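Chain residues, written in single-letter form:
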Amino acid sequence: DAGVIQSPRHEVTEMGQEVTLRCKPISGHNSLFWYRQTMMRGLELLIYFNNNVPIDDSGMPEDRFSAKMPNASFSTLKIQPSEPRDSAVYFCASSTLLAGEQFFGPGTRLTVL
Amino acid sequence: GESVGLHLPTLSVQEGDNSIINCAYSNSASDYFIWYKQESGKGPQFIIDIRSNMDKRQGQRVTVLLNKTVKHLSLQIAATQPGDSAVYFCAEKTSYDKVIFGPGTSLSVIP
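One structure accompanies this document, and this report is about it. Predicted, not measured: the structure shown is a model, and the values here were computed from it.

Thresholds, definitions, all that
- Residues numbered from 1 in each chain as written.
- Chains lettered and ligands numbered in written order.
- Predicted model: local features only at pLDDT ≥ 70, side-chain atom pairs only at ≥ 80, totals over all residues.
- Heavy atoms only, no water.
- Helix = DSSP H or I, 4+ residues; strand = E, 2+ residues; numbered from the N terminus.
- Rg over C-alpha atoms; globule rule 2.2 N^0.38 Å.
- Buried < 20%, exposed > 50% of the residue type's maximum accessible area, 1.4 Å probe, protein only.
- Contact = heavy atoms within 4.5 Å.
- Phe/Tyr/Trp six-rings, centres within 6.5 Å; stacked < 30°, edge-to-face > 60°.
- Pairing = 2+ DSSP bridges.
- Axes fitted to C-alpha atoms, helices over the stretch in contact; angles between N-to-C directions.
- Salt bridge = Lys/Arg side-chain N within 4 Å of Asp/Glu carboxyl O.
- Disulfide = S-S within 2.5 Å.

## As for the overall build of chain B
- Scanning chain B for helices and strands turns up zero helices and ten strands.
- Order of helices (α) and strands (β) in chain B, N terminus to C terminus: β-β-β-β-β-β-β-β-β-β.
- The C-alpha radius of gyration computed for chain B amounts to 14 Å, which stays within 12% of the reference 13 Å derived for 111 residues, consistent with globular compactness.
- When the 111 residues of chain B are sorted by exposure, 41% land in the buried category.
- A separation threshold of at least 6 residues defines the contact pool for chain B, and within that pool the share at least 24 residues apart is 51%.

As structure tokens, then:
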């Protein structure tokens, strides 16, 4: 099993540009989570999906952030326009519907200049 | 002024000694608790979990203790090794499949 796959691993962009982060969950997992990790705020849950449906997006910082899960094997987190304060490591995690253990991907380190 | 960032609690332990990492959780309705380990440059990794109907659970070299009366969770690592150096997060499950992570504790193992 390849585990949760995230791409890109590193992204450097300029303020105002659109950024798209990608995630492939573990096959058979029904829940998918997007987290952001910074030194200032630690690990924050942004949004999570159950069976491809967004359940709770209360952690999404503002309208510049959006997430989609068009099918069970793919999700995107988009920031448009990006700002320097969005610089962070973004993690995707997946779990089976009724289990608490989440499997994390390696993360995408985003730097917005 | 602005905060300069999270001040992670740090625990330094001599190699071979036992480590105890503590965590206070917030929601008395939480029914499931998890410990994660995050090594530098990697995502958090599951270590051990415990449900609210238990007060102790043991794994390989790790034990989790749960005290619901004071909303306290602890992770004990026996015979700490250099490879145990990492940031450890406790997490509580407060609603269906939503898990809230604590701020983390940095464990440093002195060889």
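## Observations concerning the packing of aromatic side chains
- The final tally for this structure, using the stated rule, is eleven aromatic pairs over all chains.
- Their ring planes at 85° and their centres at 5.4 Å tell us that Tyr35 of chain A and Phe101 of chain B sit as a pair that is edge-to-face. Taken as a pair, Tyr35 of chain A in strand E4 (residues 31–38) and Phe101 of chain B in strand E9 (residues 98–101) lie in two separate chains rather than in one. Considered together, Tyr35 of chain A and Phe101 of chain B belong to a single accessibility category, that of buried residues.

## Examining the sheet that holds strand E8 (residues 74–79) of chain A
Residue and element names in this part refer to chain A.
- Reading across the sheet, the four strands line up as E1-E3-E8-E7 and stay open at both edges, with antiparallel pairing between neighbours. At either margin of the open sheet sits one strand with a lone partner, and together these are strand E1 (5–7) and strand E7 (65–71). Each strand of the sheet is rotated relative to its neighbour by a mean of 15°, with strand direction disregarded.
- The pairing of E1 with strand E3 (residues 19–24) spans three bridges and is classified as antiparallel. Bridge pairing in E3 places Ser7 opposite Arg22.

## Remarks on the pattern of salt bridges
- Going through the model one piece at a time under the given rule, you end up with eleven salt bridges over all chains.
- Among the salt bridges present, the one from Lys78 of chain A reaches Glu18 of chain A, with a minimum N-O distance of 3.8 Å. Here Lys78 of chain A, found in strand E8, pairs with Glu18 of chain A, found in the loop between strand E2 (10–13) and E3; they are 60 residues apart in sequence, far enough to count as distant.
- For Lys78 of chain A, a relative accessible area of 30% translates into the label partly exposed.
- Salt-bridge contacts for Arg57 of chain B lead to Asp49 of chain B; the nearest nitrogen and oxygen are separated by 2.2 Å.
- On the basis of relative accessible area, Arg57 of chain B is assigned to the partly exposed category, the value being 36%.
- Given a relative accessible area of 13%, Asp49 of chain B falls into the buried group.
- It is possible to trace a salt-bridge network through shared partners that takes in Glu62, Arg64, Glu83, Arg85 and Asp86 of chain A.

## Focus: the state of the cysteines
- Applying the stated criterion across every chain, the model contains two disulfides over all chains.
- The partner cysteine of Cys23 of chain A in its disulfide is Cys92 of chain A, sulfur to sulfur 1.9 Å. Taking the sign of the torsion about the S-S bond as the criterion, the disulfide between Cys23 of chain A and Cys92 of chain A, at about -65°, is left-handed. On the criterion of sequence distance, the pair formed by Cys23 of chain A in strand E3 and Cys92 of chain A in strand E9 (residues 88–95) is long-range, its members being 69 residues apart.
- One disulfide bridge connects Cys23 of chain B with Cys90 of chain B, the sulfur atoms lying 1.6 Å from each other. Taken together, the residues Cys23 of chain B in strand E2 (residues 19–24) and Cys90 of chain B in strand E8 (residues 86–95) connect sequence positions 67 residues apart. Of the two residues examined, Cys23 of chain B and Cys90 of chain B, each falls in the buried class.

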